[in-house]
Amino acid sequence: MGDRWEVAVDRSVCIGSGMCAATAPVGFRLDAARQSHPVAPEADAAESVLAAAEGCPVEAITLTVSGSGEAVFPPEE
């Protein structure tokens, strides 16, 4: 993909399903309270990170293109 993404998790929405950490362990970790955190606030664009965001049951993950702020997920409608 070539881009870099800003990765954010809204912990007020996160229910700790762990699907993101299972789908993209290089991108997400669960803390002791089972809340998701991005491993880093910015990451190389990767299908696994996008799949984790798309698979989040409560859409707590947002991805934007670093620098431009263009929405990757959820897509702007």
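Scroll up to find the structure this text is about.
Summary of the structure given here.

## Describing the pattern of salt bridges
Phase 1 of the analysis: Using the criterion set out here, one finds two salt bridges in the structure.
Phase 2 of the analysis: The partner of Glu 42 in a salt bridge is Arg 4, and the shortest N-O contact between them spans 2.9 Å. Note that Glu 42 is positioned in strand β4 (residues 42-44) and Arg 4 in strand β1 (residues 4-9), a separation of 38 residues in sequence.
Phase 3 of the analysis: For Arg 4, a relative accessible area of 34% corresponds to the partly exposed category.
Phase 4 of the analysis: Overlapping salt bridges, with partners in common, bring together Arg 4, Glu 42 and Asp 44 in one network.

## Some details on unusual backbone geometry
Phase 1 of the analysis: Residues Phe 73 and Pro 74 are joined by a peptide bond in cis, for which omega reads -10°.
Phase 2 of the analysis: For Pro 74, the position within the fold is in the segment after β6 (71-73).
Phase 3 of the analysis: Unlike most non-glycine residues, Arg 34 shows phi in positive territory, near 60°.
Phase 4 of the analysis: Assignment of secondary structure puts Arg 34 in the loop between β2 (28-30) and β3 (36-38).
Phase 5 of the analysis: Here the phi dihedral of Glu 59 falls at roughly 50°; this positive angle occurs in a residue that is not glycine.
Phase 6 of the analysis: Along the polypeptide, Glu 59 turns up in the loop between α2 (47-55) and β5 (61-65).

## Remarks on the nonpolar core
Phase 1 of the analysis: Residues Trp 5, Val 9, Phe 28, Val 49, Ile 61 and Leu 63 are the most contacted members of the largest nonpolar core, which totals 18 residues.
Phase 2 of the analysis: For this core, the elements supplying multiple residues, two or more each, are β1, α2 and β5.
Phase 3 of the analysis: With four residues, α2 is the largest single contributor of residues to this core.
Phase 4 of the analysis: Excluding its chain neighbours within four sequence positions, the residues that come into contact with Trp 5 are Pro 41, Glu 42, Ala 43, Ala 45, Ala 46, Val 49, Leu 50, Leu 63, Thr 64, Val 65, Ser 66 and Val 72.

## Focus: the state of the cysteines
Phase 1 of the analysis: Across all of its chains, the model carries zero disulfides by this definition.
Phase 2 of the analysis: Cys 20 provides the cysteine sulfur closest to Cys 14, a residue in no disulfide bond, and the two sulfurs are 6.3 Å apart.
Phase 3 of the analysis: For Cys 20, a relative accessible area of 8% puts it in the buried group.

## Description of the pairing of β1
Phase 1 of the analysis: Side-chain alternation along β1 places Trp 5, Val 7 and Val 9 on a buried face and Arg 4, Glu 6 and Ala 8 on a face that remains uncovered.
Phase 2 of the analysis: With three bridges connecting them, β1 and β4 associate as antiparallel partners. Its bridge partner lying in β4, Arg 4 is registered against Asp 44.
Phase 3 of the analysis: Where β1 lies against β5, five bridges are found, and the strand directions are antiparallel. Of the residues in β5, the one forming a bridge with Glu 6 is Thr 64.

What counts, and at which threshold
Residues numbered from 1 in each chain as written. Predicted model: local features only at pLDDT ≥ 70, side-chain atom pairs only at ≥ 80, totals over all residues. Heavy atoms only, no water. Salt bridge = Lys/Arg side-chain N within 4 Å of Asp/Glu carboxyl O. Helix = DSSP H or I, 4+ residues; strand = E, 2+ residues; numbered from the N terminus. Buried < 20%, exposed > 50% of the residue type's maximum accessible area, 1.4 Å probe, protein only. Core = buried A, V, L, I, M, F, W, Y, C linked by side-chain atoms within 4.5 Å. Contact = heavy atoms within 4.5 Å. Disulfide = S-S within 2.5 Å. Pairing = 2+ DSSP bridges.

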